[in-house]
Amino acid sequence: MDVGFSLRSEAVGAMRTAMVSAENLQLTLKPELSQEEQALTHSNRSPKETHKVGNEDLKEMLESNKESLKLEAMKRVVGLIAKGKNASELFPAVVKNVANKNIELKKLVYVYLVRYAEEQQDLALLSISTFQRALKDPNQFIRASALRVLSSIRVPIIVPIMMLAIKESAADMSPYVRKTSAHAIQKLYSLDPDQKEQLIEVIEKLLKDKSTLVAGSVVMAFEEVCPDRIDLIHKNYRKLCNLLVDVEEWGQVVIISMLTRYARTQFISPWKEGAMFDENNEKAFYDSDSEEKKDQMEAKTYIMDPDHRLLLRNTKPLLQSRNTAVVMSVAQLYWHLAPKHEVTIVTKSLVRLLRSHREVQYIVLQNIATMSIQRKGMFEPFMKSFYVRSTDSTHIKTLKLEILTNLANEANISTILREFQTYVKSQDKAFAAATIQAIGRCATNISEVTDTCLNGLVLLLSNRDETVVAESVVVIKKLLQTQPTQHSEIIKHMAKLFDNITVPMARASILWLMGEYCERVPKIAPDVLRKMAKTFTAEEDIVKLQIVNLAAKLYLTNSKQTKLLTQYILNLGKYDQNYDIRDRTRFIRQLIVPSEKSGALNKYARRILLAPKPAPVLESAFKDRDRYQLGTLSHSLNTKASGYQELSDWPAVAPDQSVRNVEVIEPVKEWAPLVGKAKQRKSDEKFYSDEEEEKEEEGSDSSGSEDSSSSSSSSESGSESEEESSEESEKTSSDSGKSSSGSEQESSSESESQQKKKKKTKKAPQKKSKPAAADSDSDENGNGPVAPASSSSADSSSASETDSEDDSDSDSPAVQKKKSDVKSKPKVEVKSKKEVSLLDLDDFSPAPTTKAPKSAVLSSSLLSDLEGLSLSNVSPAIQVTTPSFGPVKTYELLHHMTGKGLSAKYHFPRQPCLYQPSMVAVQVVLTNSSDHSLEEIHIGDRNPASLNLHCFNTIERLEPEASVTVSMGIDFSDSTQAANFQLCTKDDQFSVSIQPAVGELFMPITMTEQDFSKEQGKLLGMNETSETIAMATANTSSQAISKQVLSVANVGVVSSTQNNIHRFAGRTVSSGALVLVSLEMKESSSALLTINTEKSVMASMLLRDLKQALAQA
Amino acid sequence: MIHSLFLINHSGDIFLEKHWKSVIGRSVCDYFFEAKEKAVQPENVPPVLQTPHHYLISVYRDKLFFLSVVQTEVPPLFVIEFLHRVADTVQDYFGECSEGVIKDNVVTVYELLEEMLDNGFPLATESNVLKEMIRPPTILRSVVNTLTGGSNVGDTLPTGQLSSIPWRRAGVKYTNNEAYFDVIEEIDAILDKSGTTVFAEIQGVIEACVRLTGMPDLTLSFMNPRLLDDMSFHPCVRFKRWESERILSFIPPDGNFTLMTYHVSSQNVVALPVYVKQNISFLETGSCGRLDITIGPKQTMGKTVEGLTVTVHMPKTVLSANLTATQGNYTYNLATKVLVWDIGKLNPQKLPNLRGSLSLQAGAPRPEENPALDITLKIQQLAISGLKVSRLDMYGEKYKPFKGVKYLTKAGKFQVRT
């Protein structure tokens, strides 16, 4: 030790000097030194080194200011971790380096942190801020790795930070970061399962992601966190199917197994009831068209759901994957989902996997074994691939044997038996024994060969190897039991061999046979018993038991000859060492030997002992494995592994297919991936009003760039890219359309008078829009790829036309009246309460698109009026005020396609809810665009059931083309989690959901500047979220700022004495927590945005939204 | 998914451990050691084991066990495939996959493992991507690194991870542009005692070595694609193109990779290149046996058979072999009871023969079964199925690459029962 220590300190000293001098000297000298240094470090790593000393030494190196020394130290530390040695005491020294610039050093520190943070939670917290900073780094790689490490640190106290980071990253521009956030979801969930609900939200969002990079990871997160929320999959089902080919291979495995489960719950069984698999129609498999037709002809009632077919079709190419796990998962998908005759296409690929590594063979053979029990025909043509080689390992051999046995039938049994003959001679005796059992099974299954097998087995009885003989005897015993009539010869033969057989199990089996069939061999059996009486004491227990058995049976059938022998044996047994044997002897004696005490059983002794016994069934060990899904761990182990998800049975009736419909029915094109949900959503946004689109512009722009990146990712296959680009161009054209109309709007909001004019003119396009809507309807029904975007841009252009010509004063109140006429009676009272806002709403709705009565924005001048109003209202206390900003965006609740004519839009009127103060008021505009009237529109089930919701009264009747506005109250509990409920008509139910933007969860309040500062002072530290943001130059005026902020959030303006600081205040609706927003203008169009609230989650979301709003003109 | 990984050497020492979730103690491996003990041969250890709280999935490669611990249901093949990918990556980086190499490069291996999995889910397994993040060690670089304190960790996100073609890195540059394809076919066969074929089939693989600048788009077509019955492709191959035109169209990864594997349709009769005449017998008395093996050419398509060896796994009771070979050398390993006869080139004029006597343990019973012969061989410039590449074209880049195709036939699992 001492020597070691001194050596080491010497070495370290020498090394350090070497390093220092190396630094001082120039490069020319370095080579020799480095060799020396290497030698020295090497000696440091000698296995003898003790921890203490080694760690002291490392600590010094870590604390030095030489990068290279630190790196070297970290490498050694990681080496220690890799070896499983404890290096936790270095934590303080290591954690200091977390912000180091050197990337490799940093990475090693990360490795260390992740390993030990759980043990040193307090110290680990020191590093958190570094990661938080890195999460904002412009480099996506750094953001991703920061998130990876942050989420890997298992310290419960940082859960909220992780949650925030995940939410932010889930909306990151870079798909790589989003992928990482999907991984982080699982980590956070395992650290704190209470976050489930919030995490599900993120998952739901990420599921909509259309990047192939993200798909696999988010499905993995879904499987881990909420595998039962199958409803989240509906809308993404087709997208996932279509993306599948381009997803990385590991993701494919996860997605396929999830889709297998999904499909089992959503489609009806393609397996014809009671129909047997026709083994001879393999030809049809390759011709999918004819096969489909045939399918339909055969079973007129069954027509495969196109989505079901889509899944099967899109997974098929993956059978050609180089990744064995992918091939296996496709195979199991076909096994569990495909019509019986189509399953055969997986055979070749599975057989191909047998060429792979031993472990792969093992798993694949297990699965084939299970499959081959039910479907011999699938693998029979490949029988020879399962021939055993002497070099195979034992478990492979046994599995192959199992499969060969399963495949045996009348036609091939001779080939298989010939093959078995070779195996019986194998040097691997366990395998030889297994082969004998297999022969036994073949013999019972195929009656033609029973005799041949029996004779073969009898021949084996003279084998020199004991295990072979023993196994043969056991198998023969079983075989004889199945057909005992004509085999006394064999029993005699076995009796003759009895003396040579030493294996206890075999001897016992022969004795049992003798006893059971003693009447067939009346001469031999007593003789055998005689011999056994002699050797009784020397036999194994199992043999002794059978001797007693034999004696008893002979006593009953042939008591004349065997009475004495039996008594002798029973006496021997009485004093045996083994209590089982003593018990048995006692029992038998009471049973068979008549005595004065013997009870009623005595009479039945013969019937008890010589009762006909059912023949044992020789069947596969894999018989019951099909209760597990193929390819799973549970299947492999034949026990239920933890976390195993049962594959549900097919539903008797298919659930609603339309849940998978995405807005526009996509062209049913064979191989068109990437026509997904996400894109549809994009085009949805074009339904929004101009103002809204302005706001969204940045968003859609950025997503546009994403589009292009993902389009290039899919451009490998020509057809996809074409589609992609056409859609792209569509988008850009509509973009330009809307931006022009947007600018128009801007200018219009210059003065109030102009605004008024606008109001009037806006009316016209709305009226006009009706027929246009019908047009696009028919388009959509006609299944064509409708471009709602283009139609909307066309409309908006028509809007601008009418703008110029239609200056007539159609009075807005009149219009309003018309509207209200349409509305049904029960609503009147509610309506009167909100007349003011409705007036705004209806009047302002410019409806440049066909679909919706649109919301409008207040002109900035009007806004300033309102502002003034609220200013004049200043009260000493903090007070909830009326909203300082009118209705904003309208969202779609139910599209008339999915709603079978019923469409619904909703918006947040930003008024205190009438029903309960903790509720957010929501107004829903219901429109009937079908050609018949809809009755009894009401709200049905809600989800979660605890959702606090104030429903509107049932609408008795809604005429075609009519619309009605109703108001509801929803308690969102201060979260942006969507409120899901059902919108019901007399005949139908539609699941809809309202997801509030975070800004809608507030109510504006007024307060003085002093109060504001005071409250702000109470909400510092963890409650403060701030960021420096870039402002669009157009937004630097205080009016513009107010406008932007108020458009995002329902907050009140707080008057400010400082020109460069803008303040806004609000309360969250449910809990009433204070939310203070302050914006401090800095030079050159940047600003510091600070949000103070206890609700840090909401703060960060609000921050993001505000940032976005302020950054755009 | 994958919770932890332990690397265990032949003698049962854990020399590397890595945890992707919380730390799991080494004691979990005890269950594995128990199974290993029971299995005697390392090959016989069951790949999937169940312990009270965990499941152990292991692969045995290059005399190392890669043992992974999982806690919940997961497709076992997923884990197995990944573990093999780890071994492949180590092989790819350091030239071999052995305990020594891993110990020498423990930090790099650890970094690799860190990149390959995130929270137990594979993150980057593509060699091209990994090499951009963590550069494989070269002598030059390790010297430079120790001098400058530089690192072998890339400082940018690999382009492949994000690009449309995750298997290829961007900005590849070569002065010599070349693309080589090796068509390698293996014959799997079982011959019985009398020399008749019980089972024979051909499996093929196309290994590629592509060093091309930029983003080349290659197409490879065959003269007789109908021969191919079943195949698997590297992810770069456009499957639809193959389905419709039977042409391999792909943007290749940079460097070495396996383009496709295939199986030749079983309708075609497999031409076996050699025949074997053998006579191994053990006498009833006298504890000895005789061995006589002759190998001759059968259907070699006019090519020479090279690298011919015969391996015999003798019964345990065979103590020694006293043989003479007319060509090549033989060795008999007393411990493993394996007789290897290394013949080399097969000369059709003078057939190689090995004969002599075997001595058995005295008193032991005569072995029941004669040992099987495993044969290996190589034939250069021949694909035994007759598969031929017709042409290779490159699109997307201007320069003219150097192209080459090589054929090779090997014996795969070629076994003669005696």
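Residues numbered from 1 in each chain as written. Chains lettered and ligands numbered in written order. Predicted model: local features only at pLDDT ≥ 70, side-chain atom pairs only at ≥ 80, totals over all residues. Heavy atoms only, no water.

Section: the side chain of Arg 625 of chain A
Residues and elements named next belong to chain A. Relative to the assigned elements, Arg 625 resides in the loop between helix H33 (601-609) and helix H34 (633-637). Buried and unpaired, Arg 625 has no salt bridge, with Asp 624 as the nearest side chain of opposite charge at 5.6 Å. Setting aside chain neighbours within four positions, we find Arg 625 in contact with Gln 366, Thr 370, His 635, Ser 636 and Asn 638. (Helix = DSSP H or I, 4+ residues; strand = E, 2+ residues; numbered from the N terminus. Buried < 20%, exposed > 50% of the residue type's maximum accessible area, 1.4 Å probe, protein only. Lys, Arg positive; Asp, Glu negative; His and termini not counted. Salt bridge = Lys/Arg side-chain N within 4 Å of Asp/Glu carboxyl O. Contact = heavy atoms within 4.5 Å.)

Focus on the nonpolar core
Of all hydrophobic cores here, the largest spans 257 residues; its most connected members are Tyr 112, Val 346, Leu 350 and Phe 420 of chain A together with Phe 66 of chain B. Here the element with the most residues in this core is helix H2 (residues 76-94) of chain B; it accounts for 11 residues. In terms of domain composition, this core takes at least three residues from each of domain 1 (2-148) and domain 2 (178-269 + 384-416) of chain B. Contact partners of Leu 350 of chain A, with chain neighbours within four places excluded, come to Met 328, Ala 331, Val 364, Ile 368, Met 371 and Phe 379 of chain A. (Core = buried A, V, L, I, M, F, W, Y, C linked by side-chain atoms within 4.5 Å. Domains from an automatic or database assignment.)

Quick word on the interface of chain B and chain A
Between chain B and chain A, the contact holds 99 residues from the first and 101 residues from the second. Buried surface at the junction of chain B and chain A, summed over both partners, amounts to about 8800 Å²; 56% is from carbon and sulfur atoms. Linking chain B with chain A are 13 salt bridges. Salt-bridge contacts for Asp 118 of chain B lead to Lys 187 of chain A; the nearest nitrogen and oxygen are separated by 2.9 Å. (Buried area = accessible area lost by both parts, 1.4 Å probe.)

With respect to the packing of helix H20 (residues 358-374) of chain A against H2 of chain B
It is at 10 Å that the axes of H20 of chain A and H2 of chain B come closest, and there the two elements cross at 170 degrees. When the axes of H20 of chain A and H2 of chain B are compared, the pair comes out roughly antiparallel. Between H20 of chain A and H2 of chain B, the contacting residues are Glu 359, Val 360, Ile 363 and Val 364 of chain A on the first element and Pro 76, Leu 77, Ile 80 and His 84 of chain B on the second. Residues of the contact of H20 of chain A with H2 of chain B, tallied by class, amount to six nonpolar, one polar and one charged. (Axes fitted to C-alpha atoms, helices over the stretch in contact; angles between N-to-C directions. Parallel < 35°, antiparallel > 145°, perpendicular 65-115°, else oblique. Nonpolar A, V, L, I, M, F, W, Y, C, P; charged D, E, K, R; others polar.)

Description of the pairing of strand E1 (residues 2-8) of chain B
All names here are of chain B. Burial runs high along E1: seven of the seven residues are buried. When E1 meets strand E5 (residues 64-70), the two strands line up antiparallel, connected through six bridges. Looking at the pairing, Ile 2 lines up with Val 70 of E5. Looking at chain direction, E1 and strand E2 (residues 14-19) are connected through five bridges and run antiparallel. Bridging from a neighbouring strand, Phe 6 pairs with Glu 17 of E2. The hairpin turn running from E1 into E2, its antiparallel successor, is five residues long, and Gly 12 in that turn takes a positive phi close to 95 degrees. (Pairing = 2+ DSSP bridges.)

Side note on the side chain of His 54 of chain B
Residues and elements named next belong to chain B. As for its position among the elements, His 54 is in the loop between strand E3 (48-50) and strand E4 (55-61). Here Gln 71 takes part through its side chain, which lies 3.4 Å from a polar atom of the side chain of His 54. Other than its neighbours up to four places away in sequence, His 54 contacts Ile 24, Val 28, Leu 49, Val 69, Val 70 and Gln 71. (Polar contact = N/O pair within 3.5 Å; in protein donor to acceptor, adjacent residues only side chain to side chain.)

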